[in-house]
Protein chains: 2
Amino acid sequence: MSSDLPDSPRTRITRLNDRQVFDRDALNSLLDSAVLAHVGFVRDGEPIVLPVGFGRDGDSLLIHGSTGSPFFRDMSDGRPLAITVTHLDGLVYARSGFDSSMNYRSAMIRGCASIVDNADKVDALHIITEHLMPGRASEVRPHKSKELAATLVLRVPLTEVSVKINNKMPDEEVNDGDPRTIWAGVLPLRTVAGEPATSELTPSSTPVAASVRALAQKLS
Amino acid sequence: MSSDLPDSPRTRITRLNDRQVFDRDALNSLLDSAVLAHVGFVRDGEPIVLPVGFGRDGDSLLIHGSTGSPFFRDMSDGRPLAITVTHLDGLVYARSGFDSSMNYRSAMIRGCASIVDNADKVDALHIITEHLMPGRASEVRPHKSKELAATLVLRVPLTEVSVKINNKMPDEEVNDGDPRTIWAGVLPLRTVAGEPATSELTPSSTPVAASVRALAQKLS
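Residues numbered from 1 in each chain as written. Chains lettered and ligands numbered in written order. Predicted model: local features only at pLDDT ≥ 70, side-chain atom pairs only at ≥ 80, totals over all residues. Heavy atoms only, no water.

### Some thoughts on the interface of chain B and chain A
Argument step 1. With 92 residues of chain B at the interface, the matching set in chain A holds 92 residues.
Argument step 2. Roughly 7500 Å² of surface becomes buried between chain B and chain A when both sides are summed, with 67% attributable to carbon and sulfur atoms.
Argument step 3. At the boundary of chain B with chain A, the tally comes to eight salt bridges.
Argument step 4. We note a salt bridge from Asp-176 of chain B to Arg-141 of chain A, for which the minimum N-O separation is 2.5 Å.
Argument step 5. Taken together, the links from chain B to chain A amount to 43 residue pairs in polar contact (both at pLDDT 80 or more).
Argument step 6. Secondary structure elements with two or more residues in the side of chain B that touches chain A: β2 (36–43), β3 (46–57), β5 (80–93), β6 (101–112), β10 (185–193), β11 (197–198) and α5 (210–218) of chain B.
Argument step 7. Class assignment for the residues of the side of chain B that touches chain A results in 48 nonpolar, 27 polar and 17 charged. (Contact = heavy atoms within 4.5 Å. Buried area = accessible area lost by both parts, 1.4 Å probe. Salt bridge = Lys/Arg side-chain N within 4 Å of Asp/Glu carboxyl O. Polar contact = N/O pair within 3.5 Å; in protein donor to acceptor, adjacent residues only side chain to side chain. Helix = DSSP H or I, 4+ residues; strand = E, 2+ residues; numbered from the N terminus. Nonpolar A, V, L, I, M, F, W, Y, C, P; charged D, E, K, R; others polar.)

Written out as structure tokens, the structure reads:
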């Protein structure tokens, strides 16, 4: 079921705001096809921005890290976070440098994290694993309790979200650069997988995991 | 000429610090092969994280935006920034969820921006264009003065930088999950270009730009 994302002064985009999208399905699709988020927070008055893997649990985002990470402890104490996920979909070549740009889909989520409690941690980690490596959760051995104890899982609601999408040809005008000599258009970009490489302790007789083959196929 | 990146309590990585790298060539290589950075700053006490294109001018980073962007005006007033550039190079499949991870190269640059003055703006924009679209600067029409006036270019020194690189097989131990049934290894990921798509005003007789063909070839 789809719904509109909330609109507020804190989420409204002021610059190139024709690119803002309020469709929750667009947000979910953008998040579900991404692996990395960049999480920003304030430490001693200054910004920190870290790349993290994440998962989506309905209308919230899940991230995880080590209980031994000072940055993760910062993020877990309820301070405001900005979590940005960006897909670079293409380079947009205009006949001028000024009109050249990029095609992208980006979401910035603002909010505070709550710590996922122990009773829900296994389920939350399952969601993160399945997000990053679809199909993998049922292939690996179960978590050990010391591993769970060493892992902090944070939940951030997908409430204050700005989604910005640019997916078009360059802005162009007749008589602004010569189209007979200066080509304009888009070079699309995407992420692909290479050949899976097998670890040292895995015998050559062990088949590449079904989850890995499926993702490699999807990203071929 | 290579040199070591400075080491300080502000740049030293505390978590998984065997992944920290102090080689400036590694930083430059990581930056020069990336298109997007995520810039974090503090606004009204809260973090904001935005994706931006960038360029590298020796030992500084250049970013550009519209003089009409409130966020860019924030970034230009000398407040501290954190600029993070991340390559996701692969998914690391261990036999446990806990030891599963990612291969990546990431740099976080901390510092304050200075505004590039008008005398240097054309050169700075040239560097950014050539970074994002190598070979393109000589193909497009020259900047118009009103375009230059509408563009803010910021310079951030590459002084306080933390570089973290993970490029390996999963951690694994004998007797931790059965390697005869659970495959472990790495699925490499990379960015590739698709077929260039030509804009509406470009005649079909105009050849795809040399810069675009070269980048498509490089990312094939």
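### As for the relation of the copies chain B and chain A
Argument step 1. For the pair chain B and chain A, the relating rotation is 180°, the translation along its axis is 0.0 Å, and the fit reaches an RMSD of 0.0 Å. The symmetry that links the two subunits is that of a two-fold axis. No C-alpha of chain B lies nearer the rotation axis than that of Thr-191 of chain B, which sits 2.2 Å from it.
Argument step 2. Of the residues that chain B buries at the interface, 100% are likewise interface residues in chain A, meaning the two copies contact each other through the same surface. (Least-squares fit on C-alpha atoms with pLDDT ≥ 70 in both.)

### Topic: the domain arrangement of chain A
Residue and element names in this part refer to chain A.
Argument step 1. Assigned domains of chain A: these are domain 1 (17–189) and domain 2 (191–220).
Argument step 2. Taken together, the contacts link five residues of domain 1 with four residues of domain 2.
Argument step 3. In total, about 330 Å² of surface goes out of reach between domain 1 and domain 2, with carbon and sulfur atoms giving 52% of it.
Argument step 4. Broken down residue by residue, the surface that domain 1 buries against domain 2 is led by Pro-134, Arg-136 and Glu-139, which jointly contribute 78%.
Argument step 5. At the junction of domain 1 with domain 2, the criterion picks out zero salt bridges.
Argument step 6. Across the side of domain 1 that touches domain 2, the residue classes break down as two nonpolar, one polar and two charged. (Domains from an automatic or database assignment.)

### A short note on the nonpolar core
Across soluble globular proteins, nonpolar side chains have a tendency to be buried as a group.
Argument step 1. Counting 62 residues, the largest nonpolar core has Leu-31 and Met-75 of chain A together with Leu-31 and Met-75 of chain B as the members making the most contacts within it.
Argument step 2. Those residues within four positions of Met-75 of chain B in sequence are excluded, and the remaining contacts are Val-39, Phe-41, Leu-50, Ile-63, Leu-81, Ala-113 and Leu-154 of chain B. (Core = buried A, V, L, I, M, F, W, Y, C linked by side-chain atoms within 4.5 Å. Buried < 20%, exposed > 50% of the residue type's maximum accessible area, 1.4 Å probe, protein only.)

### Considerations on helix α3 (residues 118–132) of chain A
Residue and element names in this part refer to chain A.
Argument step 1. For α3, built from 15 residues, the straight-helix expectation of 21 Å at 1.5 Å per residue is met to within 8% by its first-to-last C-alpha distance of 21 Å.
Argument step 2. All of the buried residues along α3 are Lys-121, Ala-124, Leu-125, Ile-128, Thr-129, His-131 and Leu-132. All buried residues of α3 project into a common sector of 155° when viewed along the axis, lining one side. For α3, exposure combined with an orientation more than 90 degrees from the buried face picks out Ala-119 and Asp-123. (Expected span 1.5 Å × (residues − 1). Arc of directions from axis to C-beta.)

### Considering the pairing of strand β8 (residues 151–157) of chain A
Residue and element names in this part refer to chain A.
Argument step 1. Across the seven residues of β8, five count as buried, placing the element largely inside the fold.
Argument step 2. Summarising the sheet, strand β4 (residues 60–66) and β8 pair through seven bridges and their orientation is antiparallel. Note on β8: the bridge partner recorded for Ile-63 is Leu-154.
Argument step 3. Relative to β8, strand β7 (residues 114–115) runs antiparallel, the two being bridged by two bridges. Along β8, the bridge assignment pairs Ser-114 with Arg-155. (Pairing = 2+ DSSP bridges.)

### Describing the environment of Leu-125 of chain B
Residues and elements named next belong to chain B.
Argument step 1. Topologically, Leu-125 is positioned in helix α3 (residues 118–132).
Argument step 2. Relative accessible area serves as the criterion here: at 6%, Leu-125 is assigned to the buried category.
Argument step 3. If sequence neighbours within four positions are ignored, Leu-125 has contacts with His-64, His-143, Leu-148, Thr-151 and Val-153.

### Some thoughts on the packing of aromatic side chains
Residues and elements named next belong to chain B.
Argument step 1. Under the counting rule described, the total for this entry stands at four aromatic pairs over all chains.
Argument step 2. Between the aromatic rings of Phe-41 and Phe-71, the centroid separation amounts to 5.8 Å while the plane-to-plane angle is 65°, which identifies the pairing as edge-to-face. One end of the pair, Phe-41, is in strand β2; the other, Phe-71, is in helix α2 (residues 70–75), and 30 residues separate them in sequence.
Argument step 3. The class of Phe-41 is buried, set by a relative accessible area of 0%.
Argument step 4. The class of Phe-71 is partly exposed, set by a relative accessible area of 24%. (Phe/Tyr/Trp six-rings, centres within 6.5 Å; stacked < 30°, edge-to-face > 60°.)

### Things to note about the side chain of Arg-136 of chain B
Argument step 1. Inspection of the secondary structure assignment puts Arg-136 of chain B in the loop between α3 and α4 (145–149).
Argument step 2. Residue classification places Arg-136 of chain B among the buried residues on the basis of a relative accessible area of 0%.

### A word on the pattern of salt bridges
All names here are of chain B.
Argument step 1. Going through the model one piece at a time under the given rule, you end up with 36 salt bridges over all chains.
Argument step 2. Note that Arg-79 and Asp-74 form a salt bridge whose closest N and O atoms lie 3.4 Å from each other.
Argument step 3. Note on Asp-74: relative accessible area 11%, which makes it buried.

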